[in-house]
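Single-letter residue listing:
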Amino acid sequence: MYHSVLEASGGVVPEFVNPKYTDATRCMFKSPTRLECKMQDIPKFFPATAAVGFTCFERESYCPVKNATADGVKKQASGQNPSCAAAGQDAWLSTGFRF
C-alpha cells in the first residue's frame, strides 16, 4: 500500500514554512527559515479503505529533540517541555525503566 501511494504522489507531500523568531516582535529570524512537512499528513494520501494506524504514548515518554540546550532551559523555566537533547534522553531512559 505504502509503495503505491509513493508511486502515485511521486513522494511529494505538502510543505509549509515555520519561521522561528528571536522575540515576540517577530521582526528578526532566530535562524534561517526552511520548508517543513508533517509526517502525519502522509495518511491523507491513502485511500479510505486503507488500514492506517498509529501508536499513542504517554506524554512523559515522548520528547522531541528540537531545541538547543539554552532554549530548553528557558522553556523548562516557564513550565514547558524543554524538548532538547537532555530531555529527550531522559524521556527515552525513563520510559525504558517503566516498561
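Preceding block: the structure.
Because the structure is predicted, anything quoted here is derived from the model rather than measured.

How each quantity is defined
- Residues numbered from 1 in each chain as written.
- Predicted model: local features only at pLDDT ≥ 70, side-chain atom pairs only at ≥ 80, totals over all residues.
- Heavy atoms only, no water.
- Helix = DSSP H or I, 4+ residues; strand = E, 2+ residues; numbered from the N terminus.
- Rg over C-alpha atoms; globule rule 2.2 N^0.38 Å.
- Patch = residues over 30% accessible without salt bridge, like charges linked within 9 Å, V, L, I, M, F, W, Y side chains within 5 Å.
- Areas by Shrake-Rupley, 256 points an atom, 1.4 Å probe, with all protein chains shown as cover.
- Salt bridge = Lys/Arg side-chain N within 4 Å of Asp/Glu carboxyl O.
- Buried < 20%, exposed > 50% of the residue type's maximum accessible area, 1.4 Å probe, protein only.
- Phe/Tyr/Trp six-rings, centres within 6.5 Å; stacked < 30°, edge-to-face > 60°.
- Lys NZ or Arg CZ within 6 Å of the ring centre and 35° of its normal.
- Disulfide = S-S within 2.5 Å.

## So, the overall build of the protein chain
Reasoning step 1: Looking only at helices and strands, the protein chain features three helices and two strands.
Reasoning step 2: Reading the secondary structure of the protein chain in the N-to-C direction produces α-β-β-α-α.
Reasoning step 3: A compact globule built from 99 residues should have a C-alpha radius of gyration of about 13 Å, whereas the protein chain, at 18 Å, is more than 25% larger.
Reasoning step 4: Along the three orthogonal principal directions, the C-alpha set of the protein chain runs to about 45 × 45 × 15 Å.

## A look at a nonpolar patch on the surface
Reasoning step 1: On the surface, a nonpolar cluster with roughly 450 Å² of combined accessible area is contributed by Trp-92, Leu-93 and Phe-97.
Reasoning step 2: Relative to the helices and strands, Trp-92 resides in helix H3 (residues 85-98).

## Quick look at the pattern of salt bridges
Reasoning step 1: In total, this model carries three salt bridges according to the counting rule given.
Reasoning step 2: Across the salt bridge formed by Asp-71 and Lys-30, the nearest N and O atoms sit 2.5 Å from each other. A residue pair is termed long-range when its members are at least 10 positions apart, and Asp-71 in helix H2 (residues 69-77) and Lys-30 in the loop between strand S1 (16-17) and strand S2 (35-36) qualify at 41 residues.
Reasoning step 3: The salt bridge partner of Asp-41 is Lys-44, with a shortest N-O separation of 3.2 Å.
Reasoning step 4: Assessed through its relative accessible area of 14%, Asp-41 is described here as buried.

## Here's the deal with the packing of aromatic side chains
Reasoning step 1: Per the stated rule, a full pass over the model turns up one aromatic pair.
Reasoning step 2: Between Tyr-21 and Phe-29, the aromatic rings sit 5.4 Å apart at their centres with planes inclined by 20°, giving stacked as the arrangement.
Reasoning step 3: Taking the ring centre of Phe-16 as reference, the NZ or CZ of Lys-38 above it sits at 5.4 Å.

## A word on the state of the cysteines
Reasoning step 1: Summed over all chains, the structure comprises zero disulfides.
Reasoning step 2: Between Cys-63, a cysteine without a disulfide, and Cys-84, which holds the nearest cysteine sulfur, the sulfur-to-sulfur distance is 6.7 Å.
Reasoning step 3: The buried category is assigned to Cys-63, whose relative accessible area is 12%.

## A look at unusual backbone geometry
Reasoning step 1: One non-glycine residue, Arg-26, adopts positive backbone phi at about 55°.
Reasoning step 2: With respect to the helices and strands, the residue Arg-26 is situated in the loop between S1 and S2.
Reasoning step 3: We note that Ser-83 has phi near 50°; this positive angle belongs to a residue other than glycine.
Reasoning step 4: Residue classification places Ser-83 among the buried positions, given a relative accessible area of 6%.

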